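Given next are the chains, with one letter for each unit.
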Amino acid sequence: MITNSIALAKQVLDREELVAVPTETVYGLAGNAFSEVAVGKIFELKQRPLFNPLIVHIRSVEFLTEVACEIPEAAYRLAEAFWPGPLTLVLQKKEGVPDIVTAGKDTVAVRIPEHPLTLSLLKQLDFPLAAPSANPFSSISPTRAEHVAAYFGNQLEIILDGGPCKRGIESTIIGFENGDPVIYRLGSLPLNEIQDVIGQIKVKNKADSVPEAPGMLSRHYAPRTKTIFTGDPINTAHLHSGKTVGFLLFDKRLESFPPEHQEVLSETGDLTEAARNLYAALHRLDKLDLELIIAERAPDTGLGKTINDKLERASAH
Ligand code: TXA
Ligand code: MG
């Protein structure tokens, strides 16, 4: 059922069952983070490998010490600047957080989401919520209640509808290595805003060897339709003439192709708007049963880096 009743969502979560919840980034598939039973159901429903740890969503900074310890000063500075908001911190885990949540790691990923419905839900619960994005493993993340319903409609008692996600891309993940902050996943919070708070930061977003965060695995956020990522959509389309092609364009339509197969992320070239529209546009194109999606590279600054990173992974085969 799609509802906006926090009371209903609480009843279901108190029974160690799952609820899809809205956040400012993407919808999450949430369960009691302190219950192995509930968290087990998350992995099962998503068909997510058990080695891929979950993010724990908490209601306030004060709650941080219930799940994490040895918290660096820079983590508090980031939390103060960006929580509630699209930033996830990877910290030393406190005993009591079940191993299944952290995939046996001694660190835990934590954030405070910025959505009024989910924040008030968290404030009424006696436990934090473990929640990955509410999509089957490696498919496109949901930014609307309908996307979640299309994936898990029959298997979820409740989808809490908080409208379209205002950021539209997952949180930025930051961990600490020898005391230095490191970005593990590019996300909704742009690099420059982070650097304004803590100065230069290393980015380890690319999968070099073993991924620290499976958001780093190359094929991810992927539509079912074969997708090509390019700086030159027209030329790429000519190379594939004869195929039914859809376009994911940054700011301009292409005159010589069918308009119904084109998605423009932001007519004004606004990166925040483009990020917000990205996954919904991919969902729409993927439903058209095309032979190919051609996705255009966004300008490589600020959130454009995040958009390009997601598109690169969506097109990895
Ligand atoms: O915006 C978001 O972060 C959304 C909303 C629902 O909060 N959640 C989300 O969760 O994107 P998920 O499961 O799709 O991605 C979580 C990422 C994964 O790449 C996981 O590997 C990483 O966080 N992660 C979790 N715990 C970690 C840890 N201890 N160390 C390193 N990476 C971790
Ligand atoms: Mg995900």
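Residues numbered from 1 in each chain as written. Chains lettered and ligands numbered in written order. Predicted model: local features only at pLDDT ≥ 70, side-chain atom pairs only at ≥ 80, totals over all residues. Heavy atoms only, no water.

Novice: Hey, could you go over the layout of surface pockets for me, with residue numbers and the actual values?
Specialist: Here the second largest pocket is characterised by a volume of approximately 340 Å³. Looking at the second largest pocket, it is lined by 15 residues, and the ones nearest its centre are His147, Ala150, His283, Arg284 and Lys287. Within the residue set of the lining of the second largest pocket, elements represented by two or more residues are helix 7 (145-152) and helix 10 (271-286). (1 Å grid on protein atoms, 1.4 Å probe; cavity = no way out; pocket = protein on both sides within 12 Å on 5 of 7 lines; lining within 4 Å. Points joined across faces, edges and corners; volume = space filled by probe spheres on them. Helix = DSSP H or I, 4+ residues; strand = E, 2+ residues; numbered from the N terminus.)

Novice: Any details on the pairing of strand 11 (residues 180-185)? Residues and values, ideally.
Specialist: Counting buried positions over the 6 residues of strand 11 gives 5, a clear majority of the element. Strand direction decides the pairing type here: strand 10 (residues 172-177) and strand 11, joined by 5 bridges, are antiparallel. Its bridge partner lying in strand 11, phenylalanine 176 is registered against proline 181. A loop of 2 residues connects strand 10 with strand 11, the two strands running antiparallel in sequence, and asparagine 178 in this loop sits at a positive phi of about 50°. Of the pairings in the sheet, the one linking strand 11 to strand 12 (residues 202-203) comprises 2 bridges and is parallel in character. By the bridge assignment for strand 12, isoleucine 183 is matched with valine 203. Note that the unit made of strand 11, helix 8 (residues 191-198) and strand 12 has a crossover that is right-handed. (Buried < 20%, exposed > 50% of the residue type's maximum accessible area, 1.4 Å probe, protein only. Pairing = 2+ DSSP bridges. Right-handed = clockwise from strand over helix to strand, strands pointing away.)

Novice: Let's hear about the pairing of strand 3 (residues 28-32): which residues, and what values?
Specialist: If a strand is regular, its side chains alternate between the two faces of the sheet. Judged by how many residues are buried, strand 3 sits mostly within the fold: 5 of 5 residues are covered. Examined bridge by bridge, strand 2 (residues 19-21) and strand 3 share 3 bridges and lie antiparallel to one another. When the bridges of strand 3 are listed, valine 19 appears paired with alanine 30. Connecting the antiparallel pair strand 2 and strand 3 is a turn made up of 6 residues. Direction of pairing for strand 3 relative to strand 8 (residues 129-130): antiparallel, over a ladder of 2 bridges. Looking at the pairing, asparagine 32 lines up with leucine 129 of strand 8.

Novice: So what's going on with the sheet that holds strand 16 (residues 292-296)? Residues and values would help.
Specialist: Read from one edge of the open sheet, 4 strands run 13-16-14-15, paired in parallel fashion. Two strands lie at the open edges of the sheet, namely strand 13 (227-230) and strand 15 (262-264), each paired on one side alone. On average, each strand axis in the sheet is tilted by 15° relative to the strand beside it, whichever way the strands run. For strand 14 (residues 245-249) and strand 16, the ladder comprises 4 bridges, and the chain directions are parallel. Counted as the bridge partner of leucine 248 is alanine 295 from strand 16. Along the sheet face, helix 10 touches strand 14, strand 15 and strand 16 and points at about 175° away from the line of strand 14. Sheet contacts for helix 11 (residues 303-314): strand 13, strand 14 and strand 16; angle to strand 13, the most-contacted strand, approximately 140°. (Axes fitted to C-alpha atoms, helices over the stretch in contact; angles between N-to-C directions. Contact = heavy atoms within 4.5 Å.)

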